[in-house]
Amino acid sequence: MPHLGLVTMVVPDYDEAMAFYVDAVGFRLLEDTPLGDGKRWVVVAPQGARETGILLAEAAGDAERARIGDQTGGRVGWFLHTDDFERDAERMRKAGVVFKEEPRHEPYGTVAVFQDPYGNLWDLIQPKKDA
């Protein structure tokens, strides 16, 4: 069965992006393979993710640099699910992650928007359990 394997996020620097996503957000570093000429294949994924990861792609050229932090036109582009919103939000705050709002309770669960160092917006969501 087909599945979504990777999505690309353009970043200004591999190591800076890895530090944020691994150390602050809590993702796992799945791969960091040199490709030559300063390029690397860097993949991170949330703890427990089985299929989809993020390919961190260092921007090459002005056109790619112009899109850093605004790859989704200012909308939330990524949705990080958790089984314990308070635990993960607190850990992320302590690690320096900036939340753009207080948590809110929606019909689909508890959610708050956070921002990466480049301006990309994410939802941290604890989905509502079905009754």
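See the structure printed just above.
Let me sum up the structure you'll find in this document. (Residues numbered from 1 in each chain as written. Predicted model: local features only at pLDDT ≥ 70, side-chain atom pairs only at ≥ 80, totals over all residues. Heavy atoms only, no water.)

1. Remarks on the overall build of the chain
Looking only at helices and strands, one finds 3 helices and 9 strands in the chain. Ordered by position from the N terminus, the helices and strands of the chain form the series β-α-β-β-β-α-β-α-β-β-β-β. A compact globule built from 131 residues would reach a C-alpha radius of gyration of about 14 Å, and the chain, at 15 Å, matches this within 12%. Taking all 131 residues of the chain together, the buried fraction comes to 35%. Intrachain contacts of the chain at a sequence separation of at least 6 include 52% that bridge at least 24 residues. Entry remark: accessible area of the chain is about 7,900 Å², with carbon and sulfur atoms responsible for 51%. On the chain, the mean spot of the 15 positive side-chain charges and the mean spot of the 23 negative ones are 4 Å from each other. (Helix = DSSP H or I, 4+ residues; strand = E, 2+ residues; numbered from the N terminus. Rg over C-alpha atoms; globule rule 2.2 N^0.38 Å. Buried < 20%, exposed > 50% of the residue type's maximum accessible area, 1.4 Å probe, protein only. Contact = heavy atoms within 4.5 Å. Areas by Shrake-Rupley, 256 points an atom, 1.4 Å probe, with all protein chains shown as cover. Lys, Arg positive; Asp, Glu negative; His and termini not counted. Charge placed at Lys NZ, Arg CZ, Asp CG, Glu CD.)

2. Description of the sheet that holds strand β2 (residues 28-36)
A sheet is described by the order of its strands in space; here 4 strands give the open sequence β1-β4-β3-β2, paired in mixed fashion. A single partner strand is all that each edge strand has here, and the edge strands are β1 (6-11) and β2. Each adjacent strand pair in this sheet contributes to an overall mean axis angle of 25°, direction not counted. Relative to strand β3 (residues 39-45), β2 is paired through 7 bridges, and the arrangement is antiparallel. Paired with R28 across the two strands is A45, which belongs to β3. Relative to the sheet, helix α1 (residues 14-24) contacts β1, β2, β3 and β4 (53-58), its axis offset from that of β3 by approximately 10°. (Pairing = 2+ DSSP bridges. Axes fitted to C-alpha atoms, helices over the stretch in contact; angles between N-to-C directions.)

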